[in-house]
Amino acid sequence: MTSTTDANTDTPEAAGTYGELRAQLATLTTEAFRPELAEIDRQPTREIARIMNGEDATVPAAVAERLPQIAAAIDATAERMARGGRLVYAGAGTAGRLGVLDASECPPTFNTDPSEVIGLIAGGPSAMVTAVEGAEDSKELAAADLDGLKLTADDTVVGVSASGRTPYAIGAVEHARALGALTIGLSCNADSALAAAAEHGLEIVTGPELLTGSTRLKAGTAQKLVLNMISTITMIRLGKTYGNLMVDVRASNEKLRARSRHIVALATGASDAEIEAALAATDGEVKNAILVILGQVDGPTAATRLTEADGHLRAALTAVRTT
């Protein structure tokens, strides 16, 4: 028996729609077929792994070609977040999951509030594990998701899409830009609609995939690398680190509590007893504990100095040492 879905796809209108979409996909390098890999399923596992590893090795070079554009986007993002803005990722499928992953790792790494870095995925949280049919095709859904956040001009929205044509990602960027928010479009094809819609277009061209159209591979790796840069360097600019130490880490488990003590030790060279005393005086706040030890101040003074320095430990240390 023919299902309703099957019947709909047999109509001339549906055939025309899919024909148009196939034509669009045929122009994308991420969708290109590689005839030299057509027999890859006949290769020994070790040879497939060698080929795949070689493919992955090309991704950092593709990212490196766009470092000036990435840096400009990060500086603009950090400027907005310093004014109280938020960083919002919006994507569908793999791209959306990568955004949610990056956002979810910011609170434990940088002690951010969950509302500061947000990942939106087309179809909502359930789409993290189960495909939500048609969600990626809706610009209106993206606008509604952003409206739910009460977007402001101090926010930054990063649309993420390997193809650069996903309506959800484009719709998010278009809607955010209309509201005055900063917009970044991250894609893996040149001349993408997503990059054109954003103020900062980041096109990391990774080429055809090992498996035709499987953009969770090189394209996904490229997106992960760039999202790592956006969140990490933005947090560095906001004073969430001291050198390369995660001084805003949230010690929410035994491993992180041990790491907290190790970070204080690396930053100060203090004894275990001094470290324990400083952490006790600052309710376990690593950054504050470092200031207590290096600045030779008490816990409340450390908190005050850090607030005055907008959370930048180096600036707080300078202020303490010059007074």
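Thresholds applied
Residues numbered from 1 in each chain as written. Predicted model: local features only at pLDDT ≥ 70, side-chain atom pairs only at ≥ 80, totals over all residues. Heavy atoms only, no water. Domains from an automatic or database assignment. Contact = heavy atoms within 4.5 Å. Buried area = accessible area lost by both parts, 1.4 Å probe. Salt bridge = Lys/Arg side-chain N within 4 Å of Asp/Glu carboxyl O. Polar contact = N/O pair within 3.5 Å; in protein donor to acceptor, adjacent residues only side chain to side chain. Nonpolar A, V, L, I, M, F, W, Y, C, P; charged D, E, K, R; others polar. Buried < 20%, exposed > 50% of the residue type's maximum accessible area, 1.4 Å probe, protein only. Helix = DSSP H or I, 4+ residues; strand = E, 2+ residues; numbered from the N terminus. Right-handed = clockwise from strand over helix to strand, strands pointing away.

Per an unreviewed UniProt entry, the chain carries the name N-acetylmuramic acid 6-phosphate etherase and comes from Streptomyces griseus subsp. griseus.

Trainee: Explain the domain arrangement of the chain here, please?
Mentor: Parsing the chain into structural domains produces domain 1 (38-236) and domain 2 (241-320). Put simply, the middle of domain 1 and the middle of domain 2, counted by C-alpha atoms, are 33 Å apart. Across the boundary between the two partners, domain 1 contributes eight residues, which contact six residues of domain 2. Here domain 1 and domain 2 share an interface that buries about 680 Å² over both sides, 46% of which is from carbon and sulfur atoms. Scanning the region where domain 1 abuts domain 2 turns up zero salt bridges. At the surface where domain 1 touches domain 2, the tally comes to four residue pairs in polar contact (both at pLDDT 80 or more). Looking at side-chain class alone, the side of domain 1 that touches domain 2 contains five nonpolar, three polar and no charged residues.

Trainee: What exactly am I supposed to notice about the pairing of strand 2 (residues 117-121) here?
Mentor: In terms of burial, strand 2 is largely enclosed, as four of its five residues are buried. Crossover strand 1 (residues 87-91) to strand 2 through helix 6 (residues 93-110) is right-handed.

Trainee: I tried to follow unusual backbone geometry on my own but got confused; where do I start?
Mentor: A negative phi holds for most residues other than glycine; trans holds for most peptide bonds. For Lys 150, which is not a glycine, the phi torsion comes out positive at approximately 55°. What makes Lys 150 exposed here is its relative accessible area of 65%.

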